[in-house]
Each structure stands twice: as C-alpha cells, then as structure tokens.
Amino acid sequence: MQMGMIGLGRMGANMVRRLLRGGHECVVFDPAPAAVEPLVRERAIAASSIEDLIERLRTPRSIWLMVPAAVVEQTVEQVRPFLAAGDTIIDGGNSHYVDDIRRSKGLAVRGIGYVDVGTSGGVWGLERGYCMMIGGDQDAVGRLDPIFKTLAPGPGGIARTPDFERLGASTAEHGYLHCGGSGAGHFVKMVHNGIEYGIMAAYAEGLAVLRAANAGKQQHAADAETTPLRDPEHYQYEIALPQVAEVWRRGSVIASWLLDVTAAALVPDPNLKKFAGRVSDSGEGRWTIQAAIDTGVPTPVLTASLYERFSSRGNADFQGKLLSAMRLGFGGHVEKAAQHGANPGE
C-alpha cells in the first residue's frame, strides 16, 4: 500500500522504515532535508514540499502526520487544499481528542477522512512494533488496515488472555484497535499516557525510598527546623538500586517495560547524575485529569503524578517561598539553606 508521511522525527522515520520493510511504498516529507536523506537511501520517495508529496500519491490518498500536537492544526491546513473526496488524513501524534472531533467534522464536509491514531512504542517501535489506538470512520480505518497491521507488533510471544476469543473477532491481540469514532483513538491514548505518568511516578518514589534506606548513617542537623530521625538503627541499609531493579524485572508482579528502561538507566549511573530531574509533560496527563473531572471519576494517583512533574520544573518554588515567609512571620522560623547533593545515598 502507498502512504505519505509528513514528519520524520524519532517515531515518524522509524515508522517509515517499518512500512518499507513490510513492502509498502512511502512518500516522505520533512522541513529538514537531513531527515529525509537517510530514508531515501532505504527506498523511500522524497517530496520537496507538502504539495509535491500529495501529487506523488495515487488516489485515494493516505497522508500520515507525525508532528507535534502544537503544529497539527497548521499542517492539516497546509494539506487540506490539495486533497479530494476519498482521501484520508491520519494524525499519529498526541493531539487532544476534542480537536480530532472538530477537525473530522470540518474535513467530512469535503468528503475527506480523518483518522486519529494514538501511537505508543517510542524509539523501540522499529523492531518491536507500535501499539495503536485508532479512532475514526469504519470505512477509512478499514482501508488502512494493511498499514496498521505492518506497524503493529503482532501477537508475538505474549500468552493469550484466557477466553479472549469469546469477545469476538478483534485486532487487539495484534497490537492495534479501532476504539470508536473520531477522537476515540486519542482519547484512549490520552488515558494510556495518564496511567504512564502514575506508573513512572510510583517507580521513582519507591526507588527513592530505597535510596534513602541509609539515612541512619547520615549526619543530621539537631535544631528546631529539622525533624529528627527517631530510630536511626532502622535505616542502616545500603541498597544497590541497579540490583533491585534487575531482580524486580524477573518474576515480580511489578515487572514492566518501564522497569526495563529504569534498570538500564541505573546500571551505568546509579545516582543519575546526568539528569537534572526536570520532568516535562506534553498535555495528555492534563487532558486525562480534565476528562476525569468532567465525568466525576476520582484519579488521585494520576493527578498527583502530574503535579509532581510541575514541581520538578520549579513551578512550586513560589509556594515554598510563601510557606517560608509565613513560618518566619508567625514563629520566627528562619529558612534553612538548600543542601544540594546531600540526599541519603549520594
């Protein structure tokens, strides 16, 4: 099948490679020529512009956008004038599902399909395949099935869920699923990422507790501003975090791909000195919590994990300053100087 790909970043380029390996024809465009050249050497067809890309595609055309959510709107507007009824735009990034609903309605007036694909797999997708959560019209999604099947991981060696066949025919076991109408794919991916935030925070917090298990060996200030460690003898352990992460990977109930990544990071750098700890969020966690508020679903874990990311970027600094100011005002408590690098286990 022929596919046009706009956006050749980490995921876009590897998705093209996986499609080429699967026998598909890919016409590619990226504003950075350096991103295009390696794929041309792997049999992709280079386009000099978005208009050129569309002209090189046979009708009905399929154009996959793999661009940041912030530029999806302008990219759709650049593509729209060159499309005709029967063509389909696929948004494989992390757009807000609400935007999908609006865009699909606008494009449907001209008979242009719009399919939203929440895509998970990251930099490992080329070899392992991409998990895809798909939203949009059934006909448009069905026509793209050869593309989804090639990009997906397939059943692999994962054991089948008992009695899953009772649910009827499904592509879920192959790693891709049509979740519903426009926006459904990105809605499911949005919640997927919200869950990801919570799981990542749980690992980070748990391992931080293990790292502090030697607190009883540390020198602690004895003053009115420092909570004393009541039983230092209870915290005399030197826990080897790389070893713990590794043993958890093997037979543990909390084993996961995220734990695999964690273990790989801890082996060469147990104290993670090359990281500042400023954790970004790209929107999906916020949208998940907004959906939870709108529908009245309590999500304390997901919410706390998002707020933790805000704090990691210094967004809680003013609150901390205000708390210190109040403590000084009502009790004369003088703020203690920060002690960088003095954490237990450092």
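Residues numbered from 1 in each chain as written. Predicted model: local features only at pLDDT ≥ 70, side-chain atom pairs only at ≥ 80, totals over all residues. Heavy atoms only, no water.

Caption draft 1: Local environment of the overall build of the chain. Counting secondary structure elements, the chain contains 14 helices and 8 strands. Along the first, second and third principal axes, the C-alpha atoms of the chain reach 75 × 45 × 45 Å. Within the chain, buried positions represent 36% of all 346 residues. Long-range pairs, those at least 24 residues apart, make up 66% of the contacts in the chain between residues at least 6 apart in sequence. Total accessible area computed for the chain in this model is approximately 19,400 Å², and 58% of it derives from carbon and sulfur atoms. For the chain, the separation between the mean place of its 34 positive charges and that of its 38 negative charges on side chains is 3 Å. (Helix = DSSP H or I, 4+ residues; strand = E, 2+ residues; numbered from the N terminus. Buried < 20%, exposed > 50% of the residue type's maximum accessible area, 1.4 Å probe, protein only. Contact = heavy atoms within 4.5 Å. Areas by Shrake-Rupley, 256 points an atom, 1.4 Å probe, with all protein chains shown as cover. Lys, Arg positive; Asp, Glu negative; His and termini not counted. Charge placed at Lys NZ, Arg CZ, Asp CG, Glu CD.)

Caption draft 2: Here's a closer look at the packing of helix H9 (residues 184-211) against helix H13 (residues 300-312). In the contact formed by H9 and H13, the axes pass within 8 Å of each other and the chain directions differ by 70 degrees. Taken together, H9 and H13 sit at an angle that is classed as roughly perpendicular. Within the contact between the two elements, H9 uses Gly194, Ile195, Tyr197, Gly198, Met200, Ala201 and Glu205 and H13 uses Val301, Leu302, Ser305, Leu306, Glu308 and Arg309. Taken together, the residues that form the contact of H9 with H13 break down as 7 nonpolar, 3 polar and 3 charged. (Axes fitted to C-alpha atoms, helices over the stretch in contact; angles between N-to-C directions. Parallel < 35°, antiparallel > 145°, perpendicular 65-115°, else oblique. Nonpolar A, V, L, I, M, F, W, Y, C, P; charged D, E, K, R; others polar.)

Caption draft 3: Fine view of the environment of Arg110. Turning to its location among the elements, Arg110 is positioned in the loop between helix H5 (97-108) and strand E6 (113-120). Its relative accessible area of 36% is what places Arg110 among the partly exposed residues. With 23 residues separating them in the primary sequence, Arg110 and Asp87 have C-alpha atoms 9.8 Å apart. Apart from residues lying up to four places away in sequence, Arg110 is in contact with Arg80, Pro81, Leu83 and Ala85. Here the side chain of Arg110 touches Arg80 through a polar contact of 3.0 Å, landing on its backbone oxygen. (Polar contact = N/O pair within 3.5 Å; in protein donor to acceptor, adjacent residues only side chain to side chain.)

Caption draft 4: Here's a closer look at unusual backbone geometry. Geometrically, the link from Thr59 to Pro60 is a cis peptide bond, its omega value of -10 degrees lying close to zero. With respect to the helices, strands and loops of the structure, Pro60 is situated in the loop between helix H3 (50-56) and strand E4 (62-65). One non-glycine residue, Asp163, lies in positive phi territory at about 65 degrees. Mapping Asp163 onto the fold places it in the loop between helix H8 (145-151) and strand E8 (176-180).

Caption draft 5: Structural view of the packing of aromatic side chains. Under the defined criterion, the tally for this structure stands at 4 aromatic pairs. Their ring planes at 85 degrees and their centres at 4.8 Å tell us that Tyr97 and Phe187 sit as a pair that is edge-to-face. In this pair, Tyr97 sits in helix H5 while Phe187 sits in helix H9, placing the two residues 90 residues apart along the sequence. With relative accessibility at 33%, the residue Phe187 sits in the partly exposed group. Taken together, the aromatic side chains of Trp64, Phe148 and Tyr176 make up a single cluster linked through ring pairs. (Phe/Tyr/Trp six-rings, centres within 6.5 Å; stacked < 30°, edge-to-face > 60°.)

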